[in-house]
Amino acid sequence: MDYNKSIDQKWQKYWLENRLFNMAVDKDMPNKYYCLVMFPYPSSELHVGHARNYVIGDAVGRYKRMMGLNVLSPMGWDAFGLPAENQAIKHKIHPETWTLKNIKRIKEQLASWGIGYDWDREITACLPDYYRWTQWVFLQLYKKGLAYRKEAFVNWCEGCQTVLANEQVVNGGCERCQTKVIQRKLRQWFFKTTAYAQALLDDIKLLENWPERVKTMQTNWIGRSEGTEIIFGVDGSDIKLKCFTTRIDTIFGATFLGLSYDYSLLPELIKNLPNKKEIEAFIEKVKNQSLSAKLVDSFEKEGMFTGLYAVNPFTGKKIPIWIANYILPGYGTGAIMCVPAHDGRDYEFAKKYNLPIIEVIKPNTEEPRAQSQELFEDEGILVNSGEFTGLASRQAYEKMNVFLEQKNIGKAAVNFKLRDWLISRQRYWGAPIPMIYCDKCGEVPVPEADLPVHLPKNVEFLPTGQSPLTYVEEFKNTTCPKCKGKARRETDTMDTFVDSSWYYLRYISPKNDKIAFVKEDVNRWLPVDQYIGGVEHAILHLLYSRFINKVFYDLGLVGFKEPFAKLFTQGMIVKDGTKMSKSRGNVVAPDYIIDKYGADAMRLYILFIGPPEKEAEWQDEGLQGTARFIQRIMRLVDTLGEYRDSDKTSDLNAIEKDLRRKIHSTIKEVTDDLEGNFQFNTAISRIMELVNQIYKGMQEGALRKSIYRQAVDTVFLLLSPFTPHLSEEVNSIMGNKGSILKRVWPKYDPAYLQADEFEIAVMVNGKVRDKLVVASGAAQAEIEKKVVELEKVIKFLEGKQPKKIIYIVNKMVNIVV
RNA sequence: GCGCGGGUGGCGAAAUGGCAGACGCGUACGCCUCAGAAGCGUAUGGGUAACCCCCAUGUGGGUUCAACUCCCACCCCGCGCACCA
């Protein structure tokens with residue numbers, strides 16, 4: 001039998017017509033399994049690197065279906081976003097036209113690979129029946145005070161006249177025109193993710209089936225740190241400066257105070273200073289030094305003394321107040337106490353500006369430290385610290401916090417690295433933020449009944465630094481929902497991560513035009529049982545989704561705290577060592593593969609290429625290998641008719657028994673591989689072993705029809721999640737009615753796993769010297785008697801008496817001399 | 001700098017305390033063929049004339065009858081975060 005395209009097409013049509021991947025959600029589903037693959041951004045057609053994601057999801061879904069679960073596998077499109085708009089600017093094609101065209105193409109591709117989805121549930125983020133509800137999500141947060149507007153610094157490119165996302169800033173410049181990016185203050189909408197920092201952190205422990213790596217990344221991103229808030233008075237002023245520190249034990253060594261350029265009280269502080277102009281110039285300079293992560297090492301620390309002094313509440317001494325470029329805006333209070341003796345950054349700064357360095361912590365160890373080592377950053381024992389001298393750092397934290405609290409000038413405090421989520425984009429191709437500004441009533445949310453706020457189609461795409469919506473008068477001008485007077489619409493759109501932060505809920509009721517999702521149905525089907533996607537979403541998408549889900553939980557809209565019970569992150573497929581991309585010209589298109597070898601060969605190779613969570617290098621030769629394997633198993637089908645079932649009642653011969661054992665052990669191992677961490681690569685290699693053994697048995701002419709049939713049937717059943725077209729075809733050739741998906745996943749019989757005999761290794765002092773065939777489960781005494789008579793053993797014993805003999809049943813025996 | 005992965009043949013890899021290299025690719029030789037392709041078979045970690053033996057899972061130590069696997073130290077690669085006080 002030859003494998004050709006018509007087989008693919010035949011079964012793809014069959015699955016669609018028989019609605020094998022459609023699932024009703026409105027009734028009780030005891031064995032529900034929500035299998036979700038991250039929906040793609042439809043930017044161009046998919047290559048084999050993308051394919052891995054969908055092939056894995058499909059294999060899991062098919063396997064779970066055969067295990068008797070009711071599997072929901074929906075698909076949709078994360079269809080808003082910058083690339084569509086850039087296409088519009090460059091090629092004068094409307095973002096919607098471009099996007100919908102891509103969606104059509106990708107849909108064809110997915111179908112041609114035999115990926116089964118419930119297409120009745122398709123959602124498209126850029127269409128009003130979806131973004132209406134994204135706007136609704138915004139309003140729910142707004143109602144709860146979790147969406148708010150404030151002035152914030154944003155990355156601004158003068159060249160492109162636009163705001164850039166952090167990811168679009170490369171080495172301090174614009175990724176497109178390399179112009180230096182500056183910080184500009186704009187009024188922006190935020191979601192208050194910080195209100196959920198602790199909950200997002202705490203509930204990571206509920207995510208038992210998430211990769212450790214992703215959990216660690218989220219933990220670090222949230223970045224909780226415990227420390228102390230301490231208030232410094234300013235000499236000759238009423239202003240109080242609040243600092244955050246994790247090392248209050250070093251307070252006696254604080255020799256200056258550092259402020260960031262955006263410290264809230266800074267303008268007031270310098271208001272009456274004679275050198276105000278100078279300071280303002282310095283602030284302006286620092287503000288536009290863009291802090292690109294990669295440049296940290298070479299980043300020159302700079303500061304300016306304000307002329308003012310703060311008072312250290314522990315020592316009563318005056319310490320100078322500096323403004324410094326290394327103090328991060330937006331973290332903690334923006335002001336820190338600086339201890340050069342015990343902080344590397346402060347040390348570097350103090351050296352440069354000749355500020356005093358006072359040692360207040362000594363190492364805990366006896367070992368003397370080199371004299372030259374002025375900097376010591378670990379915890380230790382306090383010295384030069386007044387009444388606290390002699391305490392260990394840990395004890396000092398507590399005592400000093402109590403001291404501060406008693407004097408009402410500080411307390412223990414917690415800080416997070418996590419910032420609020422800036423969702424405003426000065427862009428066209430996104431969901432309009434449903435807010436209206438009225439001169440009389442101020443900020444007014446669009447009433448839910450008025451949703452969606454339609455995105456107008458007819459706009460000019462010019463990079464002006466404003467959303468193109470700013471120039472659409474009929475969009476911008478509206479009436480106030482409260483006073484019916486003249487008002488303006490918000491012209492910014494939402495970050496596309498908002499669209500994707502709740503889509504997994506919408507799949508449950510994708511067509512409902514009354515409500516975003518039906519609570520009962522959602523509670524029945526979620527959390528998602530298996531979420532599959534790229535590790536590049538480990539932080540943003542997965543954190544935002546968790547955040548939105550938690551808000552919904554608190555609002556009583558959903559009954560689960562976490563949206564994704566189990567997460568699998570697949571590795572990238574690379575070519576020539578780098579990520580596939582059009583610009584590098586190393587993209588492998590699936591179409592020619594499908595033409596030449598069929599969809600199943602591509603699927604099988606993608607799954608066989610290596611552990612799915614790891615990066616893998618694409619090699620065309622490897623693909624030929626799996627194509628060859630497919631030819632090999634198809635020939636098994638041809639041979640099927642040649643076998644005569646002469647005597648099916650008679651006992652199996654030795655070779656047949658071996659084959660039966662192999663059938664059962666393969667079922668066991670493949671099932672274990674799939675139940676574990678999706679070890680498709682080893683699952684497939686085990687099936688290859690089974691096929692090799694069938695061939696061997698055939699060559700020896702020892703196989704009769706019934707065991708042969710059983711073996712072939714098992715091969716195709718076990719392969720069916722990976723090579724569904726082929727398995728369906730063979731299943732029907734073998735006389736089964738209906739889809740193989742409706743068949744039950746094979747079960748192994750433990751009684752058939754055990755062999756009668758084993759070849760065990762015979763070792764002397766841990767080195768293999770001989771082999772011995774023994775009956776299964778042979779007793780130690782029997783083995784001991786046999787091994788000492790072996791020629792090789794006698795040779796390596798060199799006449800000595802064995803001290804000990806270790807025997808592991810059916811595995812090995814080790815003679816220790 | 002901190003955190004998380006990882007380092008095994010010519011290549012993708014397997015083995016999580018019990019015979020290192022399953023399975024596949026590649027390569028070589030053979031069969032089939034007029035010939036080629038496909039297919040089939042055999043071999044394939046290194047040293048070696050040798051399936052006698054020795055060496056071999058990044059490096060060096062340790063635990064154990066037995067270590068790719070566990071422990072300690074170090075080196076290298078990848079990813080994430082990165083002046084978070």
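Everything numeric here is computed off the predicted structure, so don't read it as measured data.

Conventions and cut-offs
Per chain, residues are indexed from 1 in the order of the written sequence. Whichever chain is written first is A, and whichever ligand is written first is 1; the rest continue in order. Given that this is a predicted model, residues contribute local features only at a pLDDT of at least 70 and side-chain atom pairs are listed and counted only at 80 or more, while totals for whole chains, interfaces and linings are drawn from all residues. Values reported for side chains reflect all heavy atoms of the structure, with hydrogen atoms and water molecules removed beforehand. Whether a residue is near a molecule or strand depends on its heavy atoms: if one lies within 4 Å, it is near. Whenever a nitrogen or oxygen atom comes within 3.5 Å of another N or O atom, the pair is scored as a polar contact, on the condition that within protein one atom can donate a hydrogen and the other can accept it, and that pairs from neighbouring residues in sequence are kept only if both atoms are in side chains. Numbered from the N terminus, helices here are DSSP runs of H or I no shorter than four residues, and strands are runs of E no shorter than two. Each residue gets one of three labels, nonpolar for Ala, Val, Leu, Ile, Met, Phe, Trp, Tyr, Cys and Pro, charged for Asp, Glu, Lys and Arg, and polar for the others, Gly among them. Pairing between two strands requires that DSSP report at least two bridges joining them. Simply put, an axis is a line fit to the C-alpha atoms, just over the touching stretch for a helix, and the angle between two N-to-C directions goes from 0 to 180 degrees. Each residue is placed in one exposure class: buried if its accessible area under a 1.4 Å probe, protein chains only, is under 20% of its type's maximum, exposed if it is over 50%, and partly exposed if it falls in between. We call two residues in contact whenever any of their non-hydrogen atoms come within 4.5 Å of each other. Confidence of the predictor in every single residue is expressed as pLDDT, which spans 0 to 100. Any carboxyl oxygen of Asp or Glu within 4 Å of a side-chain nitrogen of Lys or Arg constitutes a salt bridge here. Cavity and pocket criteria rest on a 1 Å grid covering protein atoms alone: a 1.4 Å probe that fits but cannot get out defines a cavity, protein on both sides within 12 Å along at least 5 of 7 lines defines an open pocket, and an atom within 4 Å of a point defines a lining residue. Grid points are joined across faces, edges and corners, and a volume is the space filled by probe spheres set on the points. Pairs were defined over the aromatic rings of Phe, Tyr and Trp, the Trp ring being its six-membered one, requiring ring centres within 6.5 Å. Orientation was assigned from the angle between planes: stacked under 30 degrees, edge-to-face over 60, tilted for the rest. Look at NZ for Lys and CZ for Arg. If either is within 6 Å of the ring centre and within 35 degrees of the ring normal, a charge sits over the ring. We score Asp and Glu as negative and Lys and Arg as positive, and we do not count His or the chain ends. Multiplying 1.5 Å by the helix residue count minus one yields the expected span of that helix. The directions from the helix axis to the C-beta atoms are what the arc is built from.

A. A look at the protein's contact with RNA strand B. Taken together, 53 residues lie near RNA strand B, and Thr245, Thr246, Phe299, Arg345 and Lys771 sit nearest. Sugar plus phosphate, as a fraction of atoms of RNA strand B within 4 Å of the protein: 65%. Note that a sugar or linking oxygen of RNA strand B is positioned 2.9 Å from one of the side-chain N or O atoms of Thr245. Arg628 places a polar side-chain atom, nitrogen or oxygen, 2.8 Å from a phosphate oxygen of RNA strand B. It is helix 21 (residues 680-699) that provides the largest number of residues to the surface near RNA strand B, a total of seven residues. Its residues assigned to classes, the surface near RNA strand B comprises 22 nonpolar, 13 polar and 18 charged.

B. View of the sheet that holds strand 2 (residues 70-72). Read across the open sheet, the four strands follow the order 2-1-26-27; overall the sheet is parallel. Edge positions in the sheet fall to strand 2 and strand 27 (567-570), since each has one partner strand and no second. Neighbour-to-neighbour, the strand axes of the sheet open up by a mean angle of 20°, direction not taken into account. Note: strand 26 (residues 530-534) against strand 27, four bridges, orientation parallel. For Gly534, the partnering residue across the bridge sits in strand 27 and is Gln570.

C. Just the environment of Tyr41, in detail. The topology assignment puts Tyr41 in the loop between strand 1 (32-37) and helix 2 (48-66). Its relative accessible area of 24% is what places Tyr41 among the partly exposed residues. When near neighbours in sequence (up to four residues on either side) are disregarded, Tyr41 contacts Asp78, Ala79, Phe80, Gly81, Pro83, Ala84 and Trp98. At a separation of 3.2 Å, a polar atom in the side chain of Tyr41 contacts the main-chain amide nitrogen of Ala84.

D. The sheet that holds strand 22 (residues 442-445), seen in detail. One open sheet holds the four strands; their spatial order is 22-21-24-23, and the pairing between them is antiparallel. A single partner strand is all that each edge strand has here, and the edge strands are strand 22 and strand 23 (477-479). Each strand axis lies, on average, 40° off the axis of its neighbour in the sheet, ignoring direction. Two strands pair when backbone bridges link them, and strand 21 (residues 435-438) and strand 24 (residues 486-489) are joined in this way by three bridges, in the antiparallel orientation. For Cys438, the partnering residue across the bridge sits in strand 24 and is Ala487.

E. The environment of Asn209, seen in detail. Along the chain, Asn209 turns up in the loop between helix 6 (197-202) and helix 7 (212-222). On the accessibility criterion, Asn209 (44% relative accessible area) is partly exposed. Counting along the chain gives 298 residues from Asn209 to Tyr507, while the straight-line C-alpha distance between them is 22 Å. Residues in contact with Asn209, not counting those within four places in the same chain, are Ala565, Lys566 and Leu567.

F. View of the confidence of the model for chain A. Residue-level pLDDT values for chain A average 88, and 94% of them are 70 or greater. Confidence estimates for the predicted assembly give a pTM of 0.92 and an ipTM of 0.93.

G. Inspection of the pattern of salt bridges at higher detail. The final tally for this structure, using the stated rule, is 47 salt bridges. Across the salt bridge formed by Asp529 and Lys32, the nearest N and O atoms sit 2.8 Å from each other. Pair noted here: Asp529 is in the loop between helix 15 (519-525) and strand 26 and Lys32 is in strand 1, with a separation of 497 residues, a long-range link. One salt bridge connects Glu302 with Lys285, and the closest N-O pair in it is separated by 2.8 Å. Here Glu302 is found in the loop between helix 9 (276-287) and strand 13 (303-311), whereas its partner Lys285 is found in helix 9, with 17 residues between them in sequence. Relative accessible area serves as the criterion here: at 19%, Glu302 is assigned to the buried category. Here Lys285 falls in the partly exposed class, since its relative accessible area comes to 43%.

H. Up close: empty space enclosed by the protein. On inspection of all chains with the given rule, the structure shows two cavities of 30 Å³ or more. Roughly 70 Å³ of internal volume is contained in the second largest cavity. What lines the second largest cavity is a set of 13 residues, and nearest its centre among them are Gly57, Asp58, Ser73, Gly116 and Tyr117. Top element by residues in the lining of the second largest cavity is helix 2. It accounts for five residues. Residue composition of the lining of the second largest cavity, by class: seven nonpolar, four polar and two charged.

I. Highlighting the packing of aromatic side chains. For the structure shown, the criterion picks out 45 aromatic pairs. For the ring pair Phe80 and Trp429, a centre distance of 4.9 Å and an interplane angle of 80° mean the geometry is edge-to-face. Within this pair, whereas Phe80 is found in the loop between strand 3 (76-77) and helix 3 (82-91), its partner Trp429 is found in the loop between strand 20 (424-425) and strand 21, the two being separated by 349 residues in sequence. In this pair, the class of Phe80 matches that of Trp429, namely buried. Plain terms: the ring middles of Phe244 and Tyr331 are 6.4 Å apart, the flat faces sit at 80° to each other, and that makes the pair edge-to-face. Taken as a pair, Phe244 in strand 11 (residues 240-245) and Tyr331 in the loop between strand 14 (318-324) and strand 15 (335-338) lie far apart in primary sequence, 87 residues in all. Judged by relative accessible area, Tyr331 falls into the partly exposed class, the value being 23%. The rings of Phe138, Tyr142, Trp189, Phe191, Tyr196, Trp421, Phe497, Tyr544 and Phe547 are connected pair by pair, giving a single aromatic cluster. The side chain of Lys107 reaches across the aromatic face of Trp119, ending 4.7 Å from its centre. Over the ring of Phe796 we find Arg769, and its NZ or CZ is 3.7 Å from the ring centre.

J. Main features of the side chain of Arg506. On the secondary structure map, Arg506 appears in helix 14 (residues 503-506). Of the buried charged residues, Arg506 lacks a salt bridge, with Asp129 as the closest side chain of opposite charge at 5.9 Å. Within the structure, the side chain of Arg506 is placed 2.9 Å from the backbone oxygen of Asn512, a separation counted as a polar contact. If sequence neighbours within four positions are ignored, Arg506 has contacts with Ile123, Asp129, Tyr130, Trp133, Lys511, Asn512, Ile515 and Ala516.

K. Up close: helix 1 (residues 5-17). For helix 1, spanning 13 residues, the distance from its first C-alpha to its last is 18 Å, which sits close to the expected 18 Å at 1.5 Å a residue. The complete set of buried residues in helix 1 reads Ile7, Asp8, Trp11, Gln12 and Trp15. Along the long axis of helix 1, the arc covered by the buried residues comes to 125°, so they all point the same way. Helix 1 presents Lys13, Leu16 and Glu17 as exposed residues on the side facing more than 90 degrees away from its buried surface. Each element contacted by the buried residues of helix 1 is listed here: helix 2, helix 4 (95-112), helix 17 (590-597), helix 18 (599-608) and helix 23 (724-733).

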